[in-house]
Amino acid sequence: MSALFNFYSFLTVVLLVICTCTYIKIQFPAILNDRTGFRGFFWKAARIGERLSPWVAFGCLAMGISTIFF
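Residues numbered from 1 in each chain as written. Predicted model: local features only at pLDDT ≥ 70, side-chain atom pairs only at ≥ 80, totals over all residues. Heavy atoms only, no water.

The protein carries the name Protein kish in an unreviewed UniProt entry, which gives Leersia perrieri as its organism. In its Sequence similarities (unreviewed entry) section, the UniProt entry covering the protein states "Belongs to the KISH family." Entered under Function (unreviewed entry) in the UniProt record, the comment concerning the protein runs "Involved in the early part of the secretory pathway." (UniProt positions renumbered as here; feature names shortened; annotations may be inferred.)

Focus on the overall build of the protein
The helix and strand inventory of the protein stands at 3 helices and 0 strands. Starting at the N terminus, the α and β elements of the protein follow one another as α-α-α. Along the first, second and third principal axes, the C-alpha set of the protein runs to 40 × 25 × 15 Å. The buried share of the protein, reckoned over its 70 residues, is 21%. Taking all contacts inside the protein whose residues are at least 6 apart in sequence as the whole, residues at least 24 apart take part in 51%. (Helix = DSSP H or I, 4+ residues; strand = E, 2+ residues; numbered from the N terminus. Buried < 20%, exposed > 50% of the residue type's maximum accessible area, 1.4 Å probe, protein only. Contact = heavy atoms within 4.5 Å.)

Re the UniProt feature "transmembrane region" (unreviewed entry) in the protein
Feature annotation in UniProt assigns "transmembrane region" (unreviewed entry) to the following positions: residues 6-32 and 52-69. Secondary structure content for residues 6-32 is 78% helix and 0% strand, and the end C-alpha separation is 29 Å. Between the end C-alpha atoms of residues 52-69 the distance is 26 Å, and the span holds 94% helix and 0% strand.

A short note on a nonpolar patch on the surface
On the surface, Leu 61, Ile 65, Ile 68, Phe 69 and Phe 70 cluster together to form a nonpolar patch covering roughly 660 Å² of accessible area. On the secondary structure map, Phe 69 appears in helix α3 (residues 53-69). (Patch = residues over 30% accessible without salt bridge, like charges linked within 9 Å, V, L, I, M, F, W, Y side chains within 5 Å. Areas by Shrake-Rupley, 256 points an atom, 1.4 Å probe, with all protein chains shown as cover. Salt bridge = Lys/Arg side-chain N within 4 Å of Asp/Glu carboxyl O.)

Examining the nonpolar core
Leu 15, Ile 18, Cys 21, Leu 32, Ala 45, Ala 46, Val 56 and Met 63 form the largest nonpolar core, which has 8 residues in total. Looking at this core, the elements that each hand over two or more residues are α1 (7-27), α2 (38-51) and α3. Element by element, the count of residues in this core is highest for α1, at 3 residues. Once you skip the residues sitting within four places of it in the chain, Val 56 turns out to touch Leu 15, Ile 18, Cys 19, Ile 48 and Gly 49. (Core = buried A, V, L, I, M, F, W, Y, C linked by side-chain atoms within 4.5 Å.)

Put into structure tokens, the structure is as follows:
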């Protein structure tokens, strides 16, 4: 089943995109300077990861626990 049709997989993909974009922005800030267009989506994901980092961390922890035990 595609990640778009399975809600659990969709949440996993969204969390991974947010975490990856935040990491890339911290390591290589020049890559995500463009705020419009295709790269603007990744800039917004990195911004979400920066500003909501406790919530994103909790989401990743919850996804990890649910993956291990369920």
